[in-house]
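# Observations on chain architecture
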Amino acid sequence: MALTAVPGGLLLGFLDFVWIKWVPYPFAELGNSTATWAVAAFAFGWWLRSGPVRAALGAAVLLVVAVPSYYLTATLLQGDDLAVLWAPTSLLWMAFGVLAGIVFGTGGTWARLPGPRRIVGTALPAAVFFEEAARFASRPGAAWNVAIDVALGVLAVVLVGRSNRQRALALAVAVPVAAVIFVGFALAAGF
């Protein structure tokens, strides 16, 4: 697990910064996207093919390592101050990484299990993209971002779901889960 989580986190942070630096808008937004990072944790759990506990821990490590990797890449490529690595906002993003890693890493394993957990697991990537689309919807000129996030949410369900019935149920579950995530972000922003 550590043999993939740590290098994966280093790669995620590096690629994320490079993506937002050189990919044109609106696709550049995907690099600095909480949804993209959450789906990376989901993918880790999906491909790890072990139990939910190992997937959750590994995905949390992946996201925690990605934060300083992102800021270190910013330091190397554009001369940002190295102190940002241990700044309060970096530590906050690492804490969010632990939470997202646990939830989405576990969701990645659930998407492979039989029963209702498979539906919830399959719904998680769509939910996080739908939530991000809802946040973009309130910004002027962000229609492309909304469309991209919704399309990626649907695509994730199509790729992860194993049947049309499962995909339909996952999309139905994704909407209220997205609302919960939206409220969570709103509450976190208020602190």
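Reference entry: report on the structure contained in this document. (Residues numbered from 1 in each chain as written. Predicted model: local features only at pLDDT ≥ 70, side-chain atom pairs only at ≥ 80, totals over all residues. Heavy atoms only, no water.)

## Re the packing of helix α2 (residues 34-48) against helix α4 (residues 88-110)
To keep it simple, the criterion reads: Helix axes use the C-alpha atoms of the stretch in contact, all axes being lines fitted to C-alpha atoms, and the angles between their N-to-C directions lie in the range 0 to 180 degrees. What counts as a helix is a DSSP run of H or I of at least four residues, what counts as a strand is a run of E of at least two, and both are numbered from the N terminus. Between 65 and 115 degrees an angle is taken as roughly perpendicular, under 35 as roughly parallel, over 145 as roughly antiparallel, and anywhere else as oblique. Left-handed describes a crossing whose near helix is turned anticlockwise from the far helix by less than a right angle; the clockwise case is right-handed. Every residue pair with non-hydrogen atoms within 4.5 Å of one another is taken to be in contact. Three categories are distinguished: nonpolar for Ala, Val, Leu, Ile, Met, Phe, Trp, Tyr, Cys and Pro, charged for Asp, Glu, Lys and Arg, and polar for the others, with Gly belonging to the last.
Closest axis-to-axis distance for the α2/α4 pair is 7 Å, and the angle between their directions is 45°. It follows that α2 is oblique to α4 by the angle criterion. As α2 runs across α4, the sense of the crossing is right-handed. Seen from α2, the contacting residues are T34, A38, A41, F42, G45 and W46; seen from α4, they are W93, A100, G101, F104, G105, G107, G108 and T109. Tallied by class, the residues present in the contact of α2 with α4 amount to seven nonpolar, seven polar and no charged.

## Notes on the side chain of T75
The condition that has to hold: What qualifies as a polar contact is a pair of N or O atoms within 3.5 Å, subject to a donor-acceptor requirement within protein and to the restriction that residues adjacent in sequence count only when both atoms come from side chains.
Take T75: it is sitting in helix α3 (residues 52-78). Separated by 3.4 Å, the side chain of T75 and the backbone oxygen of D80 make a polar contact. Setting aside its immediate chain neighbours within four residues, T75 contacts D80, D81 and L82.

## Description of α4
Our working definition: Expected helix span is taken as 1.5 Å per residue step, with the number of steps being one fewer than the number of residues. Buried, partly exposed and exposed residues are distinguished by accessible area as a fraction of the type maximum, computed with a 1.4 Å probe on protein chains only: under 20%, between the cut-offs, and over 50%, respectively.
When the terminal C-alpha atoms of α4 are compared, their 33 Å separation across 23 residues agrees well with the 33 Å that a helix rising 1.5 Å per residue should span. Of the positions making up α4, those classed as buried are S90, M94, G97, A100, G101, F104, G105, T106, G107, G108 and T109.

## Looking at the packing of aromatic side chains
Rule in force here: Any two of the Phe, Tyr and Trp rings considered here, Trp counted by its six-membered ring, make a pair once their centres fall within 6.5 Å; the pair's planes then place it as stacked at under 30 degrees, edge-to-face at over 60, or tilted in between. Criterion for a charge above a ring: Arg CZ or Lys NZ at most 6 Å from the ring centre, at most 35 degrees from the ring normal.
Under the defined criterion, the tally for this structure stands at four aromatic pairs. Relative to Y70, the ring of F17 has its centre 5.5 Å away and its plane inclined at 75°; by these criteria the two rings are edge-to-face. Of this pair, F17 sits in helix α1 (residues 2-22) while Y70 sits in helix α3, and the two are 53 residues apart along the sequence. We classify F17 as buried; its relative accessible area is 4%. Put simply, the rings of F17, Y70 and Y71 touch in pairs and so form one group of aromatic residues. One cation-aromatic arrangement involves R112 over W46; the distance from NZ or CZ to the ring centre is 3.9 Å. Lying across the ring of F185, R135 places its NZ or CZ 4.3 Å from the centre.

## Let's talk about the nonpolar core
Nonpolar side chains in soluble globular proteins tend to be buried together. Filter applied, for reference: For the purposes of this section, nonpolar cores are sets of buried Ala, Val, Leu, Ile, Met, Phe, Trp, Tyr and Cys residues that join through side-chain atoms within 4.5 Å.
Of all hydrophobic cores here, the largest spans 38 residues; its most connected members are L12, W37, F42, L63, F104, V128 and A174. Mapped onto this core, the elements with two or more residues apiece are α1, α2, α3, α4, α5 (116-137), α6 (143-160) and α7 (164-190). Here this core takes eight residues from α3, the largest share from any one element. Dropping the residues within four chain positions of it, F42 is found in contact with F104, G105, G107, G108, A111, G121, P125 and V160.

Fair warning: the whole summary comes from geometry, so function is off the table for now.
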